[in-house]
Amino acid sequence: MSGEQPIRVLVVEDDPVAADAHLLYVGRVPGFTAVGKARTGAEARRLLDRTPVDLLLLDLHLPDVHGLQLARTLRAAGYHADVIAVTSARDLAMVREGVSLGVVQYVLKPFTFATLRDRLVRYAEFRGTAGEAGGQEEVDRALATLRAPGPAALPKGLSAPTLERVTAALRDTAEGLTASGLAQVVGISRITARRYLEHLVDAGRAARSPQYGQVGRPELVYRWLRESGRGL
């Protein structure tokens, strides 16, 4: 987006640590600039009154209003900023409602910087489309830029449900887990647990380090790579 004005993003998030993390994330994506943060819907309205904003990075659970209600109010008041919703809610009816209110993307907590960066880059590509479409295929291609890519295929022998259980167990254990410890928590064999843990390391979602005991070889401990901020 060289030579163009950056896309101006307002972060609306009630948790101050998460809000600072979101500001940092936005600032790391070329073509975007964070213009401020708001803790409540009312504060977001005040900032929008005095600051040009192209995109809201909007937490749906605010202290004074639900994020979708805020989006509806903003639309009725003539604000035209698009919305990327940040939420832990998985209600598909809410997703459908958001589409009519200018929600162009949903980012489910917990998420990594790479996930948000992908959504922002896709939004920038969509926003950059202009001119008259030559046909249906070109319209479809423009809309497809907003869609996230499908999940990558897992290595042979690994399953998505088990990976989700492994990820949850690792994320919820601050001190980390060994393959043996994970096997007990999830109910799988130690060898299988090790395969899932190594897959998360290869994907950049976990880190391993040796744990030295009093005797014998050191055992590897795996830890979830937590992003700064609650729920990330």
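Sequence order as written defines residue numbering, which begins from 1 separately in each chain. Since the coordinates come from a predicted model, pLDDT governs what is reported: local features require at least 70, and pairs of side-chain atoms require 80 or more to be given and counted, while whole-chain, interface and lining totals use all residues. Heavy atoms throughout the structure, all of them, feed into the side-chain values; hydrogens and water do not.

### As for helix H9 (residues 190-202)
Working definition: helices are DSSP H or I runs of at least four residues, strands are E runs of at least two. Numbering for both runs from the N terminus. What a helix is expected to span follows from its residue count: subtract one and scale by 1.5 Å. For H9, which comprises 13 residues, the first-to-last C-alpha distance of 18 Å matches the rise-based estimate of 18 Å (1.5 Å per residue) to within 8%. Here, two residues are considered to be in contact whenever any of their heavy atoms come within 4.5 Å of each other. Where the residues of H9 are buried, they touch helix H7 (160-171), helix H8 (179-186), strand E6 (206-211) and strand E7 (219-224). Following H9 by one or two positions, Gly204 adopts a phi angle in the positive range, close to 75 degrees.

### Some details on helix H2 (residues 41-50)
A turn of α-helix holds 3.6 residues, and therefore any two residues three or four places apart point the same way. Three or more residues of H2 are buried, namely Gly41, Ala44, Leu47 and Leu48. All buried residues of H2 project into a common sector of 120 degrees when viewed along the axis, lining one side. Turned more than 90 degrees away from the buried face of H2 sit Asp49 and Arg50, all of them exposed. Buried residues along H2 sit against strand E1 (7-12), strand E2 (32-38), strand E3 (55-59) and helix H3 (67-76). When accessible area is computed with a 1.4 Å probe and restricted to protein chains, residues below 20% of their type maximum are described as buried, those above 50% as exposed, and intermediate ones as partly exposed. This arc is built from the directions going out from the helix axis to the C-beta atoms.

### What about the side chain of Asp82?
You can see Asp82 is positioned in strand E4 (residues 82-87). The sign given to each residue is positive for Lys and Arg and negative for Asp and Glu; His and the chain ends receive no count. Any carboxyl oxygen of Asp or Glu within 4 Å of a side-chain nitrogen of Lys or Arg constitutes a salt bridge here. The side chain of Asp82 sits in the buried core without any salt bridge; Arg75 is the nearest counter-charge, 4.0 Å away. Distance and chemistry together define a polar contact, namely a pair of N or O atoms within 3.5 Å, with one atom able to donate a hydrogen and the other to accept it when in protein, and with adjacent residues in sequence counting only for side-chain atoms on both sides. Separated by 2.7 Å, the side chains of Asp82 and Tyr123 make a polar contact. Sequence-distant contacts of Asp82, that is, excluding residues within four places in its chain, are made with Asp54, Leu55, Leu56, Arg75, Gly102, Val104, Tyr123 and Arg127.

### A closer look at the pattern of salt bridges
Here the structure, examined in full by the defined rule, presents 7 salt bridges. For Arg122, the salt bridge goes to Asp118, with nearest N and O atoms at 3.2 Å. In this pair, Arg122 and Asp118 both sit in helix H5 (residues 113-127), 4 residues apart, roughly one turn of the helix. One salt bridge connects Arg194 with Glu198, and the closest N-O pair in it is separated by 3.4 Å. On the criterion of helical spacing, the pair formed by Arg194 and Glu198 is a turn pair, its members being 4 residues apart in helix H9. Residues joined in a network through salt bridges with shared partners are Arg8, Asp54 and Arg127.

### A closer look at the sheet that holds E2
Strands are labelled as partners when DSSP assigns at least two bridges between them. What the 5 strands build is an open sheet, ordered E2-E1-E3-E4-E5; its pairing is parallel. Of all the strands in the sheet, the pair left with one neighbour each is E2 and strand E5 (103-108). The sheet shows a mean angle of 20 degrees between the axes of neighbouring strands, taken without regard to direction. Relative to E2, E1 is paired through 6 bridges, and the arrangement is parallel. Note on E2: the bridge partner recorded for Leu10 is Gly36. Contacts from H2 reach E1, E2 and E3, with the element oriented near 130 degrees to E2. The angle between two axes is taken between their N-to-C directions and runs from 0 to 180 degrees, where each axis is a line fitted to C-alpha atoms and a helix contributes only its stretch in contact.

### Section: the packing of H7 against H8
Running from N to C, H7 and H8 point in directions that differ by 115 degrees, and their axes come no closer than 10 Å. When the axes of H7 and H8 are compared, the crossing they make is right-handed. Contact residues: Arg165, Val166 and Ala169 in H7; Leu182, Val185 and Val186 in H8. By the convention adopted, Pro, Cys, Tyr, Trp, Phe, Met, Ile, Leu, Val and Ala count as nonpolar, Lys, Arg, Asp and Glu as charged, and the other residues, Gly among them, as polar. Its residues assigned to classes, the contact of H7 with H8 comprises 5 nonpolar, no polar and 1 charged. The sense of a crossing depends on the near helix, which, turned anticlockwise from the far helix by less than a right angle, makes the crossing left-handed and, turned clockwise, makes it right-handed.

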